[in-house]
Amino acid sequence: MRKTALYSEDLAPIPPAGRTWTTWNYAALWISMSLCIPTYMLASSLIGGGMSWWQAILTIFLGNTIVLAPMILNGRAGAKYGIPFPVFARASFGVKGANIPAMLRAIVACGWFGIQTWIGGYALYQMLRLWIPSLSTLPAVFPLSWGLATGPAICFILFWLLNMWVVWLGVDSIRRLLVFKAFFLPLAALALLCWALIHVHGGLRQVLALPSHFQDASSFWAFFIPGLTGMVGFWATLSLNIPDFTRYAVSQRAQVKGQAIGLPSSMTLFAFIGVVVTGATTIIYGAPIWDPVVLAGKFDSKLLVSIAMIAVAISTLATNIAANIVSPANDFANLAPSRINFRTGGLITGVVGILIFPWKLVADPGGYIFTWLVGYSSLLGPVGGILIADYYFIRRQQLSVTDLYEPEGIYKYTKGFNGYAIVCLLAGILPNVPGFLATIGVIPPQSMPAWIIHLYNYAWFVGFFVSGIGYCLLMNFKTEVNYVSAD
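Before going into details, it helps to say that this report is about the structure given with it.

Calculation rules
Residues numbered from 1 in each chain as written. Predicted model: local features only at pLDDT ≥ 70, side-chain atom pairs only at ≥ 80, totals over all residues. Heavy atoms only, no water. Helix = DSSP H or I, 4+ residues; strand = E, 2+ residues; numbered from the N terminus. Buried < 20%, exposed > 50% of the residue type's maximum accessible area, 1.4 Å probe, protein only. Contact = heavy atoms within 4.5 Å. Phe/Tyr/Trp six-rings, centres within 6.5 Å; stacked < 30°, edge-to-face > 60°. Lys NZ or Arg CZ within 6 Å of the ring centre and 35° of its normal. Polar contact = N/O pair within 3.5 Å; in protein donor to acceptor, adjacent residues only side chain to side chain. 1 Å grid on protein atoms, 1.4 Å probe; cavity = no way out; pocket = protein on both sides within 12 Å on 5 of 7 lines; lining within 4 Å. Points joined across faces, edges and corners; volume = space filled by probe spheres on them.

### Things to note about the side chain of Thr316
Following the sequence through the fold, Thr316 ends up in helix α14 (residues 302-324). In this structure Thr316 comes out as buried when scored by relative accessible area, which is 2%. In this structure, Thr316 is in contact with Ile37, Gln116, Ile119, Gly120 and Phe159, ignoring residues within four places of it in sequence.

Written as structure tokens, this is what we have:
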């Protein structure tokens, strides 16, 4: 293969001899990624929003089963050709247009970086305020509209600087922390579960007896639909860039079976712990505490809280660098390789992560689900629809790998951009814009017909099908026949 400007060793196809990941590698991958604090918060936010335990578990299981479908479908191209996500996207968006879905994915990763950094910084705050009580009574220095107290802000900035320092040093040093996370988080989750069952009179039976707080069916469905969309949106990023992992699969069967075993089961099991513990806090404290860091801060022992918070901070740091820095840093660097290196891309990620105000997104279940999870699913759903429509319905699972790395190949389209893909991307995003603007308070909900505002509750589904179907229709009008090719 000719080494063009679109070729690099990192983006090159993995040869068959280098594809060594088995079914259990993929199952282990999903178990590791599912065991994180945002997964716990995902489940407990549904309880905090008013669901009963079985309604929350069912919502999570359904959401992860649904997102498993595009995960497996997009993963097939990676397993067949050994190519990563940015290269796969060139087939549908063009060799230059592929930067558009890559940037959308990068922005979402920046958001997750901000959320994880806030979690780690707040863990430090919960520990330090026990030893330095004045930290919680510092005078306000930020605008009231920011909703940011001075003590948590200082700890957030310190933890952010620690993340940036690791980025500057390089990511190799984080591998040991990932191993620590793999052992610590399951043990910590089980410890929380034991605490909940011990401190609730009646144990598990009492927790599971807690009823739903919805007064009628209409109020339940009003929360369930966007909740389900949020569950799908939780892994919407990975459903796009899953070829980055499946390119190492020994076979299609390995990636399909491994993901089917690992994703729904591990998410549901860890979510169950979050559901039980959050239900227990409703009984113990009179109100659901859906953030485990806030809950741990209520324990009496200073030493216990300090150990727990340090461990949370370390495991969060490991997850943040591995999952939310490497990918967007490379995406930003890919925009201008001569000007943006990995370090600069990492710093850009860090700055964007602050600008989304992550402390507001996780301040309540509504912000976490309706604003963040549903919001970014409205951007990534259309991309997923286009990728799947192009690979399965337009190209019949046949790609020219050589042309994916050729600036003047069949995926050049018009100056490197496929206008049809861009039009369909916008068509899938636009129906959800009014609902998003109403959700964040930019426009009053009454300013537009209710059915338009309510489309936002189905954001990922609307974007996925509008863009996917539209792309099939437009591409079938093309008169050229050489856009379907195989090596």
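### Describing the packing of aromatic side chains
One pass over the structure, following the stated rule, counts 30 aromatic pairs. Grouping aromatic residues by their ring pairs yields a cluster made of Trp118, Tyr122, Tyr125, Phe142, Trp146, Phe156, Phe357 and Trp359. Above the ring of Tyr285, the side-chain terminus of Lys298 is found at 5.3 Å from the ring centroid. The residue whose ring lies beneath Lys302 is Trp131, and the NZ or CZ to ring-centre distance is 5.3 Å.

### Things to note about the side chain of Thr268
Residue placement: Thr268 occurs in helix α12 (residues 252-285). Side-chain polar atoms of Thr268 contact the backbone oxygen of Pro264, separated by 2.6 Å. In contact with Thr268, other than residues within four places in its own chain, are Ile57, Ile60 and Phe61.

### Here's the deal with the environment of Tyr7
Examined against the element boundaries, Tyr7 turns out to sit in the segment before α1 (23-34). With 397 residues separating them along the chain, Tyr7 and Leu404 place their C-alpha atoms 9.1 Å apart.

### Thoughts on empty space enclosed by the protein
Under the definition given, this model contains 2 cavities of 30 Å³ or more. Put simply, the largest cavity is a space of about 40 Å³. What lines the largest cavity is simply Cys36, Ile37, Gln116, Leu185, Ser315, Thr316 and Thr319. In terms of residues, the lining of the largest cavity owes the most to one element, α14, which gives 3 residues. Of the volumes computed, that of the second largest cavity is approximately 30 Å³.

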